[in-house]
Amino acid sequence: LEQLRPLKDVTVTAACRKFDFDYDPYFDMFRPWKKVEAGPLEVEKDILPWLEGMGVEIARLSEKQKALISLPRMLGMFLFVWRECGGSDAVTAWELAEEYLRQLGRRRTDWPALREQLEDVALRMLEQDRLSMGRDELNLTEEQLRFCESEGVLWEEKIHRYTFIH
């Protein structure tokens, strides 16, 4: 958002939780803005027909999986896993994130080392009660960082400050 703000003739559409919008002072710097509230996606009405159109065999989904994919981030990970390997048995966010990372790792020869680095970052964040880390603290190459951003593993929440999306 900060990088797009100075551009003329650009309209930015962003989605966030109501809690973040109401309490995160970060959003105040982007006034004036127009707030549009959207209700949660309905699994039976919104998600399942869309997934079926994408080729997902919705009859294979358990009730727990349907509840899991009602969350947009989980839906995105689920669809990625489905496209990569034709299915998912995950019924929790943790299981789905593990499957997502396993499938993501198949795309990189350096995945074991990169995953170890990401686990180290996550551990340091937990130990230090932090939600994000500076670019210089990540110990990732520029290419690894771009990969993690483009694949939805890391997010640059503020300039040069990164957090995990999952």
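Residues numbered from 1 in each chain as written. Predicted model: local features only at pLDDT ≥ 70, side-chain atom pairs only at ≥ 80, totals over all residues. Heavy atoms only, no water.

*Asks:* Run through the overall build of the protein chain, naming residues and quoting values.
*Replies:* A count of helical and extended segments in the protein chain gives seven helices and three strands. In sequence order, the secondary structure elements of the protein chain are arranged as α-α-α-α-α-α-β-α-β-β. Seen through its C-alpha atoms, the protein chain measures out along the principal axes to roughly 45 × 45 × 30 Å. Each of the 166 residues in the protein chain was classed as buried or not, and the buried ones make up 33%. Only carbon and sulfur atoms are counted for the fraction: they give 55% of the accessible area of the protein chain, which is about 11,300 Å². (Helix = DSSP H or I, 4+ residues; strand = E, 2+ residues; numbered from the N terminus. Buried < 20%, exposed > 50% of the residue type's maximum accessible area, 1.4 Å probe, protein only. Areas by Shrake-Rupley, 256 points an atom, 1.4 Å probe, with all protein chains shown as cover.)

*Asks:* Residues and numbers for the sheet that holds strand β2 (residues 154-158), please.
*Replies:* Two pairing modes exist for strands in a sheet, parallel and antiparallel, and in both the strands are linked by backbone hydrogen bonds. Pairing within the open sheet is antiparallel, and its three strands lie in the order β1-β3-β2. A single partner strand is all that each edge strand has here, and the edge strands are β1 (133-134) and β2. Pairing of β1 with strand β3 (residues 161-164), which is carried by two bridges, proceeds in the antiparallel orientation. By the bridge assignment, Met 133 is partnered in β3 with Tyr 162. Together, β1, β2 and β3 form the strand contacts of helix α6 (residues 111-127), whose direction differs from that of β3 by roughly 95°. (Pairing = 2+ DSSP bridges. Contact = heavy atoms within 4.5 Å. Axes fitted to C-alpha atoms, helices over the stretch in contact; angles between N-to-C directions.)

*Asks:* Can you lay out the side chain of Ser 132 for me, pointing to particular residues and giving the numbers?
*Replies:* Among the structural elements, Ser 132 can be located in the loop between α6 and β1. Using a relative accessible area of 8% as the deciding quantity, one classes Ser 132 as buried. Here Ser 132 is in contact with Met 125, Glu 157, Arg 161, Tyr 162 and Thr 163, once residues within four sequence places are set aside.

*Asks:* Describe in detail helix α2 (residues 43-53), supporting the description with residues and values.
*Replies:* Restricting attention to buried positions, one finds in α2 the residues Val 43, Ile 47, Leu 48 and Leu 51. The arc enclosing the buried residues of α2, seen along the axis, measures out at 90°, which places them on a common side. Residues of α2 that are exposed and angled more than 90 degrees away from the buried face: Lys 45 and Gly 53. Taken together, the buried residues of α2 touch α3 (63-68) and α4 (72-85). One or two steps after α2, the chain reaches Gly 55, where phi turns positive at roughly 95°. (Arc of directions from axis to C-beta.)

*Asks:* Describe in detail the packing of α4 against helix α5 (residues 93-105), supporting the description with residues and values.
*Replies:* Taken N-terminus to C-terminus, the directions of α4 and α5 make an angle of 45°; their axes are 9 Å apart at the nearest point. Considering the angle they form, α4 stands oblique to α5. Viewed along their axes, α4 and α5 form a crossing whose handedness is left-handed. In this structure, α4 uses Arg 73, Met 74, Met 77, Phe 78, Phe 80, Val 81, Glu 84 and Cys 85 to contact α5, whose residues at the interface are Ala 93, Leu 96, Ala 97, Glu 99, Tyr 100, Gln 103 and Leu 104. When the residues that make up the contact of α4 with α5 are grouped by side-chain class, the tally is eleven nonpolar, one polar and three charged. (Parallel < 35°, antiparallel > 145°, perpendicular 65-115°, else oblique. Left-handed = near helix turned anticlockwise from the far one by under 90°. Nonpolar A, V, L, I, M, F, W, Y, C, P; charged D, E, K, R; others polar.)

*Asks:* Give a detailed account of the pattern of salt bridges, specifying residues and quantitative values.
*Replies:* It is possible for side chains bearing opposite charge to pair when their charged atoms get close. For the structure shown, the criterion picks out 15 salt bridges. When the shortest N-O distance is used, the salt bridge between Arg 115 and Glu 98 registers 3.2 Å. Note that Arg 115 is positioned in helix α6 and Glu 98 in helix α5, a separation of 17 residues in sequence. Its relative accessible area of 22% is what places Arg 115 among the partly exposed residues. (Salt bridge = Lys/Arg side-chain N within 4 Å of Asp/Glu carboxyl O.)

*Asks:* Could you give me a rundown of α5, with the residues and numbers involved?
*Replies:* In this model α5 runs 18 Å from its N-terminal to its C-terminal C-alpha over 13 residues, within 8% of the 18 Å that 1.5 Å per residue would give. For α5, the full list of buried residues reads Leu 96, Ala 97, Glu 99, Tyr 100, Leu 101, Gln 103, Leu 104 and Gly 105. (Expected span 1.5 Å × (residues − 1).)

*Asks:* Provide a residue-level description of the packing of aromatic side chains, including the pertinent values.
*Replies:* By the definition in use, this model includes two aromatic pairs. Aromatic pair Phe 78 and Trp 82: ring centres 5.7 Å apart, planes at 40°, arrangement tilted. Here Trp 82 and Phe 78 lie together in helix α4, a separation of four residues that amounts to about one turn. Overall, the relative accessible area of 9% leaves Trp 82 in the buried class. When the ring centre of Tyr 100 is taken as origin, the NZ or CZ atom of Arg 73, which lies over that ring, is 5.8 Å away. Arg 108 extends its terminal NZ or CZ atom over the ring of Phe 147, reaching a point 4.3 Å from the ring centre. (Phe/Tyr/Trp six-rings, centres within 6.5 Å; stacked < 30°, edge-to-face > 60°. Lys NZ or Arg CZ within 6 Å of the ring centre and 35° of its normal.)

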